[in-house]
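Given next are the chains, with one letter for each unit.
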Amino acid sequence: MGQLEGKVAIITGAGSGMGRAMAVRFGKEGAKVVAVDYAGESAEETCGLVRGPGCEAVAVRGDISDPADIDAAMQAAIGGFGRLDILCNNAGIIDMAGLMDTDWDYWDRVLRINLKGVAMFSQKAVPEMLKQGKGSIVNTASIAGLVGGAGGLSYTASKHGVVGITKSMAIELSPQGIRVNAICPGAVTTGMTTDFQGVPGFVEGNAIPRWGTADEIANMALFLASDESSFITGAAYPVDGGWVAK
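Rules and cut-offs
Residues numbered from 1 in each chain as written. Predicted model: local features only at pLDDT ≥ 70, side-chain atom pairs only at ≥ 80, totals over all residues. Heavy atoms only, no water. Helix = DSSP H or I, 4+ residues; strand = E, 2+ residues; numbered from the N terminus. Expected span 1.5 Å × (residues − 1). Buried < 20%, exposed > 50% of the residue type's maximum accessible area, 1.4 Å probe, protein only. Contact = heavy atoms within 4.5 Å. Salt bridge = Lys/Arg side-chain N within 4 Å of Asp/Glu carboxyl O. Pairing = 2+ DSSP bridges. Axes fitted to C-alpha atoms, helices over the stretch in contact; angles between N-to-C directions. Disulfide = S-S within 2.5 Å. Core = buried A, V, L, I, M, F, W, Y, C linked by side-chain atoms within 4.5 Å. Parallel < 35°, antiparallel > 145°, perpendicular 65-115°, else oblique. Left-handed = near helix turned anticlockwise from the far one by under 90°. Nonpolar A, V, L, I, M, F, W, Y, C, P; charged D, E, K, R; others polar. Patch = residues over 30% accessible without salt bridge, like charges linked within 9 Å, V, L, I, M, F, W, Y side chains within 5 Å. Areas by Shrake-Rupley, 256 points an atom, 1.4 Å probe, with all protein chains shown as cover. Right-handed = clockwise from strand over helix to strand, strands pointing away.

A. The arrangement of helix α5 (residues 153–173) in detail. The first and last C-alpha atoms of α5 sit 30 Å apart over 21 residues, in line with the 30 Å expected at 1.5 Å per residue. Looking only at α5, the buried set comprises S154, Y155, T156, S158, K159, G161, V162, V163, T166, M169, A170 and L173. As for α5, its buried residues are in contact with α4 (104–130), β5 (135–140), β6 (178–185) and β7 (236–239).

Have a look at this one:
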């Protein structure tokens, strides 16, 4: 029996990268998966990787900053699978602009997706988790949520915010059996980091001087989503090859 047997998980940003790796891993561990992505065709491709004997998945095209799209994803989980146990708030966008180059319209978009979307989706998910008396919310933050030199201004603000609301939600929801934790990836090979992957010295100063993989992030997501982490809430875990230990 898999670690997530009988559970239902919504994963945002599931069309590629870390979200796709989470979806595939969760499916292998027995979860029924709702894969949400702004690129609906990519979400469907992810579901094709998840589906198999005993493995169910449904794709939802959705913008997590749009409440109507969040409702559609919730309906896919509850209407299709009858419950919700796990929410992985993984979707996000990047911005490397510093203070003097910040575009304020894009600032608003980054915070709307990376931060407000996490809170709105969690607010919708909690009532369904309460019906089971327990649940796990796993937020994808970043090492830019822990240190100041790993992203641009809006991205750093948004990811610090994700770490903050993770702690706040954990305290609020723990009496009702819902755990909330965050993953803080470092340099991970995904489509979002393509522009940085060839930069000399980008990871060489880390304790583990290489790029991480999406599967390594999915491993942590599985741990935090499963009952293996039953005594853990309000934590923000760097999965970064030792970046923040420098």
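Having seen the model, we can carry on.
B. Representation of the side chain of E128 within the structure. Structurally, E128 is set in helix α4. In this structure E128 touches M74, I78 and L84, once residues within four positions along its chain are discounted.

C. Expanded view of the pattern of salt bridges. Across all of its chains, the model carries nine salt bridges by this definition. As a salt-bridge pair, R51 and E44 come within 2.8 Å of each other at their nearest N and O atoms. Ionic pairing is found between E216 and R210, a salt bridge with its closest N-O pair at 2.7 Å.

D. The sheet that holds strand β3 (residues 57–61), seen in detail. One open sheet accounts for seven strands, arranged β3-β2-β1-β4-β5-β6-β7; its pairing is parallel. Taken across any chain shown, the strands that pair with only one partner, and hence form the sheet edges, are β3 and β7. Geometrically, the sheet is characterised by an average inter-axis angle of 15 degrees between neighbouring strands, direction not taken into account. Of the pairings in the sheet, the one linking strand β1 (residues 8–12) to strand β4 (residues 86–89) comprises three bridges and is parallel in character. Each residue of the ladder has a partner; that of I11, found in β4, is C88. In the packing of α5 onto the sheet, contacts are made with β5, β6 and β7, and the angle to β6 comes to roughly 160 degrees. In this fold helix α6 (residues 214–225) packs onto β4, β5, β6 and β7, with an angle of close to 165 degrees to the strand it touches most, β6.

E. Region of the structure containing the state of the cysteines. Within the structure shown, the criterion is met by zero disulfides. In this structure C184 is not part of a disulfide, and its nearest cysteine sulfur, from C88, lies 14 Å away. Classification of C184 as buried rests on a relative accessible area of 0%.

F. Examining the nonpolar core more closely. In this structure, I11, M22, F26, V33, I86, C88 and I183 are the most contacted members of the largest nonpolar core, which totals 32 residues. When residues of this core are traced back to their parent elements, those giving at least two are β1, α1 (17–28), β2 (32–37), α2 (40–50), β4 and α6. Take this core: its biggest share by element is eight residues, from α6. Setting aside its immediate chain neighbours within four residues, I86 contacts L4, K7, V8, A9, I10, F26, M129, S136 and A225. Counting 29 residues, the second largest nonpolar core, distinct from the first, contains I10, V36, F121 and L173.

G. Up close: the packing of α1 against α6. At their nearest, the axes of α1 and α6 sit 8 Å apart, and the two run at 55 degrees to each other. One element, α1, and the other, α6, form an angle in the oblique class. The chirality of how α1 crosses α6 is right-handed. From α1, G17, M18, A21, M22, R25 and F26 reach across to α6, where they touch A214, D215, I217, A218, N219, A221, L222 and A225. Per-class residue counts for the contact of α1 with α6 are 10 nonpolar, two polar and two charged.

H. Summary view of a nonpolar patch on the surface. There is a patch of nonpolar side chains on the surface, built from L99, M100, W104 and L153 and spanning about 470 Å² of accessible area. Looking at where M100 falls in the secondary structure, it is placed in the loop between β4 and α4. Of the residues examined, M100 reaches a relative accessible area of 75% and is grouped as exposed.

I. Up close: the pairing of β6. The buried fraction of β6 is high, at eight of eight residues. Burial along β6 is two-sided: I178, V180, A182 and C184 and R179, N181, I183 and P185, pointing in opposite directions, are all buried. Two elements, β5 and β6, share six bridges in a ladder whose sense is parallel. Note that in β6 the partner of V138 across the bridge is N181. Remark: the β5/α5/β6 crossover connection has right-handed handedness. Sheet topology places β6 next to β7; four bridges connect them, and they run parallel. Bridging from a neighbouring strand, I183 pairs with Y237 of β7. Once the chain exits β6 it traverses α6 before rejoining the sheet at β7, and the crossover so formed is left-handed.

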